[in-house]
Amino acid sequence: MRISVYVPLLVTVVLAVLVPGPARRLAPRPAAWALACAALVTALGWLGSLALLAFAGFARIPEVAAEGRWSVSALSAEDPVYLTVATAAALALAASCAGLGVAAVRQARHLNWARRECRRLSGDTELAVLDDPSPAAFALPGAPGRIVVSRGMLRCLGDGEREALLAHERAHLRGRHHLFQTLWRLTAAVSPLLRPLAATGGFILERWADEEAAAQVGDRRIVARSVGRAALASAAHPPRATMLAAAGGAVPQRVRALLAPPPPRRALPFVGGALLLAVCCTSLANAASDSEDMIESAQRAACAAEVKTAGPAGRPVGQLGHGHERCCPHDGRRGH
């Protein structure tokens, strides 16, 4: 536990620093899935490490030790975690849990708002055209989702560009990209270090929809023009955070990617990321096992102290302590 408990925290820092840049240049669909897995695993590792560090200090409270029937002195002698570190971990854990709760409530409200808007839209088809002169186009997640386009946006685009725009928004709904966004926002609320992954994830989702639109339309240049014109037209009317819009993300980078050949599929970055996440999980499991071993050792020390206090002529060892069950491998015979 001396080192392994800190490894998940270190993996979180490494991913936050090294992943965002290369992830933008990978094939977007596998990159989105890999980024979602990385954010989920590192967020759980972050919470697990903080919980183990906080427990190391919490277990030294005499009332807690009495309830758990372990020796505080034995635990302090064996536990390598300083009390100041455990206190800081407890505060960070409380902040992470509070941030997660607030973000979960906010995301639930946003998704409920999107579903209500879907039900309020007229018509029963996938596409809903708003009689609004201001340009707007976005996808509303729901059951099922809807593609919302204003007449102002349709007037800004040509026929091929309109088809590309609808294909882009349809890709958002088909891929359930709002679930990816929700996951990244929740993990970023758990650890501020994961915010770069959330920002990169939003760009990758737009690239994913761009590539699917290009495959459906058959012309990457038309999709690039559609993205550029939609972004210029809607610059004064940014979409809400819950909406998946063709004008979202870093538009110049998206246009450059569409004017270039499709990104090749590379296995090496994904293999490296999987190994890093495996190290995170293994280290956390090892730290949890070491923590359990320390607690058991402290319980045996407390039991031995009770045996020594009771003496050879005292009560049977099986009746020592708060309960009546045997607390350590002594059978009550003289000399044990």
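Reading guide: rules and limits
- Residues numbered from 1 in each chain as written.
- Predicted model: local features only at pLDDT ≥ 70, side-chain atom pairs only at ≥ 80, totals over all residues.
- Heavy atoms only, no water.
- Salt bridge = Lys/Arg side-chain N within 4 Å of Asp/Glu carboxyl O.
- Helix = DSSP H or I, 4+ residues; strand = E, 2+ residues; numbered from the N terminus.
- Buried < 20%, exposed > 50% of the residue type's maximum accessible area, 1.4 Å probe, protein only.
- Expected span 1.5 Å × (residues − 1).
- Axes fitted to C-alpha atoms, helices over the stretch in contact; angles between N-to-C directions.
- Parallel < 35°, antiparallel > 145°, perpendicular 65-115°, else oblique.
- Left-handed = near helix turned anticlockwise from the far one by under 90°.
- Contact = heavy atoms within 4.5 Å.
- Nonpolar A, V, L, I, M, F, W, Y, C, P; charged D, E, K, R; others polar.
- Pairing = 2+ DSSP bridges.
- Patch = residues over 30% accessible without salt bridge, like charges linked within 9 Å, V, L, I, M, F, W, Y side chains within 5 Å.
- Areas by Shrake-Rupley, 256 points an atom, 1.4 Å probe, with all protein chains shown as cover.
- Lys, Arg positive; Asp, Glu negative; His and termini not counted.
- Charge placed at Lys NZ, Arg CZ, Asp CG, Glu CD.
- Core = buried A, V, L, I, M, F, W, Y, C linked by side-chain atoms within 4.5 Å.
- Phe/Tyr/Trp six-rings, centres within 6.5 Å; stacked < 30°, edge-to-face > 60°.
- pLDDT = per-residue confidence, 0-100.

*Asks:* Please clarify how the pattern of salt bridges should be interpreted in this entry.
*Replies:* Side-chain pairing between opposite charges can occur once the charged atoms of the two side chains come close. Counted under the stated rule, the structure contains eleven salt bridges. Measuring nitrogen to oxygen at the nearest pair gives 2.8 Å for the salt bridge that ties Arg207 to Glu211. Of the two residues, Arg207 and Glu211 are both situated in helix H10 (residues 195-217); the distance of four residues between them amounts to about one turn of the helix. Its relative accessible area of 6% is what places Arg207 among the buried residues. The buried category is assigned to Glu211, whose relative accessible area is 15%.

*Asks:* Teacher, can you tell me more about H10 here?
*Replies:* Residues three or four positions apart in an α-helix share a direction because the helix packs 3.6 residues into each turn. For H10, which comprises 23 residues, the first-to-last C-alpha distance of 33 Å matches the rise-based estimate of 33 Å (1.5 Å per residue) to within 8%. One or two residues past the end of H10 sits Gly218, with phi positive at roughly 90 degrees.

*Asks:* Any chance you could explain the packing of helix H3 (residues 28-58) against H10 here in plain terms?
*Replies:* Each pair of packed helices can be summarised by the angle the axes make with each other and by the distance between the axes. As a packed pair, H3 and H10 sit with axes 8 Å apart at the nearest point and diverge in direction by 155 degrees. Here H3 lies roughly antiparallel to H10, going by the angle between them. In the crossing of H3 with H10, the sense of the turn from one axis to the other is left-handed. Taken together, the residues of H10 that come into contact with H3 (itself represented by Pro28, Arg29, Ala31, Ala32, Trp33, Leu35 and Ala39) are Leu197, Thr200, Gly201, Ile204, Leu205, Arg207, Trp208 and Glu211. In terms of residue class, the contact of H3 with H10 is made up of ten nonpolar, two polar and three charged.

*Asks:* What's the story with the sheet that holds strand E1 (residues 127-130) in this structure? I'm lost.
*Replies:* The pairing of strands in a sheet comes from backbone hydrogen bonds and takes either a parallel or an antiparallel form. Pairing is mixed across the open sheet formed by three strands, whose spatial order is E1-E3-E2. The open sheet has two edge strands, E1 and strand E2 (137-140), and neither has a second partner. Sheet twist, expressed as the mean angle between neighbouring strand axes with direction ignored, is 25 degrees. Alignment of E2 against strand E3 (residues 146-150), held across four bridges, turns out to be antiparallel. Looking at the pairing, Ala137 lines up with Val149 of E3.

*Asks:* What's the story with the pairing of E2 in this structure? I'm lost.
*Replies:* Regular strands show a simple pattern: their side chains alternate between the two faces of the sheet. Across the two faces of E2 the burial is the same, with Ala137 and Ala139 and Phe138 and Leu140 all buried. A loop of five residues connects E2 with E3, the two strands running antiparallel in sequence.

*Asks:* Just to check I follow, could you spell out a positive patch on the surface for this structure?
*Replies:* Judged by side-chain charge, Arg115, Arg116, Arg119 and Arg176 come together as a positively charged surface patch. Among the structural elements, Arg176 can be located in the loop between helix H8 (159-174) and helix H9 (177-190).

*Asks:* Honestly, the nonpolar core in this entry has me stumped. Any pointers?
*Replies:* General note: in soluble globular proteins, nonpolar side chains tend to be found buried as a group. Among the nonpolar cores identified, the biggest contains 30 residues, and Ala32, Trp46, Leu53, Phe180, Trp184, Ile204 and Leu205 are the most heavily contacted of them. Elements with a contribution of two residues or more to this core: H3, helix H6 (83-120), H9, H10 and helix H13 (268-310). When residues of this core are assigned to their parent elements, the largest contribution, twelve residues, is made by H3. Among residues more than four places away in sequence, those in contact with Leu53 are Val5, Tyr6, Leu9, Val81, Ala86 and Ala89. In terms of nonpolar packing, the next biggest core, distinct from the first, is built from twelve residues, Ala164, Ala224, Ala231 and Val251 among them.

*Asks:* Please clarify how the packing of H9 against H10 should be interpreted in this entry.
*Replies:* Taken N-terminus to C-terminus, the directions of H9 and H10 make an angle of 170 degrees; their axes are 8 Å apart at the nearest point. Of the possible angle classes, the one that applies to H9 and H10 is roughly antiparallel. In contact with His177, Phe180, Gln181, Trp184 and Ala188 of H9, H10 contributes Arg195, Ala198, Gly201, Gly202, Leu205, Trp208 and Ala209. By residue class, the composition of the contact of H9 with H10 is seven nonpolar, four polar and one charged.

*Asks:* Got a minute to help me understand the environment of Ser73 in this structure?
*Replies:* Relative to the helices and strands, Ser73 is located in helix H5 (residues 72-78). Owing to a relative accessible area of 57%, Ser73 belongs among the exposed residues under this scheme. In this structure, the C-alpha to C-alpha distance between Ser73 and Ala302, residues 229 residues apart in sequence, is 9.3 Å.

*Asks:* Help me understand the packing of aromatic side chains, please; the structure alone is not making it clear to me.
*Replies:* Two aromatic rings, taken as a pair, are described by how far apart their centres are and by the angle between their planes. Taken as a whole and assessed by the stated rule, the structure comprises four aromatic pairs. Ring centres 5.0 Å apart and planes at 80 degrees place the aromatic pair Trp33 and Phe180 in the edge-to-face group. Here the residue Trp33 occupies a position in helix H3, and Phe180 occupies one in helix H9, the gap between them amounting to 147 residues. Of the residues examined, Phe180 reaches a relative accessible area of 6% and is grouped as buried. Note on Phe180 and Trp184: the rings are 5.9 Å apart at their centroids and 45 degrees apart in plane angle, and the pair reads as tilted. Separated by four residues within a single helix, Phe180 and Trp184 lie in helix H9, roughly one turn from each other. An aromatic cluster of three or more residues is present, and its members are Trp33, Phe180, Trp184 and Trp208.

*Asks:* Explain the confidence of the model for the protein chain to me, please; I cannot follow it from the model alone.
*Replies:* Low-pLDDT portions of the prediction should not be read for the details of their coordinates. Looking at the protein chain, pLDDT values average 84 and 87% of them are 70 or higher. The weakest mean pLDDT in the protein chain belongs to H5 at 73; the strongest belongs to H9 at 95. Low pLDDT, under 50, characterises residues 316-326; the stretch is placed with 21 contacts to residues that sit more than four places away or in other chains. Contacts from residues 330-336, a stretch scored under 50 in pLDDT, to residues over four places away or in other chains number nine contacts.

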